[in-house]
Amino acid sequence: PEPAFVYGDTNVLLEGVRQAQSLLNTVVFDDLPLKMEEKLEQTKIATPLDRSMQQAVLSALVFDTEQVKTAIQKVPDRPAYKLPRTYGISEGRRNQLILSKLVTHCERFTGRSVNANRKVVFNARFLVPVVKESERILLNLKAESMIISHEPLKPLDTAVYRPMDLELPNLFPLKETVSIPVQNIYDWRNDYPISRNYKLSHPHTILVHGSPSDVKNATELAVSRDQIEGRTMVKAFAAAAARARQLYGEDVKTLPNPITVQAVQTDSKTFHFSVYQLNTLDLSSSTDRNMWFRKAPLDLYTQCGYVVGKPTLDDYNKDVLRHFAVFYSN
């Protein structure tokens, strides 16, 4: 087959969110949808649940018994100097534990009526082939965990948010595919990981790990916050697009019903909450655009670990659990 640009789990876009917008025909709103913001203000987490969550953070990030070599630490001023490797909990396991603890606490918060319509699946892989201006692009991405639900999320009204009134960024002189690696061997098909006959098959929330060792630039440059957010957006798009094609056929352009997916990304300390709405799969469309709502990242704590031999959790932020609970019960 002819070569294609393949965007995988370790890639980030050079220009971050701007490039993702231009590639996926998406406008960005720097806040969550109004209904969710209102719900956030009304939601209060009970003190016992909050205390339990603080204990859970310590048990996931400090007391877990895994002992492996952790990631190599670099000293910026001495690039050739190798620090001795420390043992501890690997990044992937920290992320997985903290997300599963949050989900468990959300289940306790919402109760049986909601939990019966939700399920968590792990390592959900999405394949989405896209042709844009004769460039072949394949998104081959996975969500480390995905919450699936019995009912789809209610789409947001485009008449209220008016995505056509916002401008898409202009990347000139760069191409939209800049920094995406080219491959000759790839699987050019659409794939959504859950059968459409299963009763809880709707994508609800994808939970994505974004640790420094998971994601790299093609160059040696450090990955920026903006690039990490762009990666979340591409993953949310992939989940929505794979589902849209499963429901409405491979060649669907304008969707009969928009598909909304929530996304939470974390490196076990910083949490980034966003909501993606897929309105069209025609990525060059001049009459329709996709929408992405994002919240500024929240830190769960300032420091968590052993300080002078004593387990410490400083400045625990209870907003993270509150946002998570609103997402989960939506």
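The structure this text deals with has already been given above.
Since the model is a prediction, treat every value here as computed from it, not as a measurement. (Residues numbered from 1 in each chain as written. Predicted model: local features only at pLDDT ≥ 70, side-chain atom pairs only at ≥ 80, totals over all residues. Heavy atoms only, no water.)

Q: Quick question: what am I supposed to make of the overall build of the protein here?
A: Summing up its helical and strand segments, the protein has eight helices and 14 strands in all. When its C-alpha atoms are laid out on the principal axes, the protein stretches across 60 × 55 × 35 Å. For the protein, the proportion of its 330 residues judged to be buried stands at 51%. Of the contacts made within the protein by residues no fewer than 6 positions apart, 76% connect residues no fewer than 24 positions apart. For the protein, the accessible surface area stands at approximately 16300 Å², while carbon and sulfur atoms represent 51% of it. Computing the positive centroid from 41 side-chain charges and the negative centroid from 37, the protein places the two 6 Å apart. (Helix = DSSP H or I, 4+ residues; strand = E, 2+ residues; numbered from the N terminus. Buried < 20%, exposed > 50% of the residue type's maximum accessible area, 1.4 Å probe, protein only. Contact = heavy atoms within 4.5 Å. Areas by Shrake-Rupley, 256 points an atom, 1.4 Å probe, with all protein chains shown as cover. Lys, Arg positive; Asp, Glu negative; His and termini not counted. Charge placed at Lys NZ, Arg CZ, Asp CG, Glu CD.)

Q: Looking at this structure, I do not really get the environment of Ala222. What am I missing?
A: Secondary-structure assignment places Ala222 in the loop between β8 (202-209) and α7 (225-248). For Ala222, a relative accessible area of 68% gives the class exposed. Each C-alpha atom of the pair Ala222 and Asn279 lies 33 Å from the other, and the pair is 57 residues apart in sequence. Sequence-distant contacts of Ala222, defined by excluding residues within four places in its chain, comprise Asn217 and Gln227.

Q: In this structure, what is going on with the pairing of strand β13 (residues 303-307)? I would like to understand it.
A: As a general feature of sheets, a regular strand has side chains that alternate between the two faces. The pairing of β13 with strand β14 (residues 310-314) spans five bridges and is antiparallel. Bridged to Val307 within β14 is Lys310. The antiparallel hairpin formed by β13 and β14 contains two residues in its connecting segment, where Val308 sits at a positive phi of about 50°. (Pairing = 2+ DSSP bridges.)

Q: Could you clarify how one ought to interpret the packing of helix α3 (residues 47-61) against helix α4 (residues 91-110) in this entry?
A: Geometry of a packed helix pair, given as the angle between the helix axes and the separation of the axes. For the pair α3 and α4, interaxial distance at closest approach is 9 Å and the crossing angle is 160°. Comparing the axis directions of α3 and α4 gives the class roughly antiparallel. α4 is crossed by α3, and the crossing has right-handed handedness. From α3, Leu49, Ser52, Met53, Ala56, Val57, Ser59, Ala60 and Leu61 reach across to α4, where they touch Arg94, Leu97, Ile98, Lys101, Leu102, His105, Arg108 and Phe109. Partitioned by chemical class, the residues of the contact of α3 with α4 number 10 nonpolar, three polar and three charged. (Axes fitted to C-alpha atoms, helices over the stretch in contact; angles between N-to-C directions. Parallel < 35°, antiparallel > 145°, perpendicular 65-115°, else oblique. Left-handed = near helix turned anticlockwise from the far one by under 90°. Nonpolar A, V, L, I, M, F, W, Y, C, P; charged D, E, K, R; others polar.)

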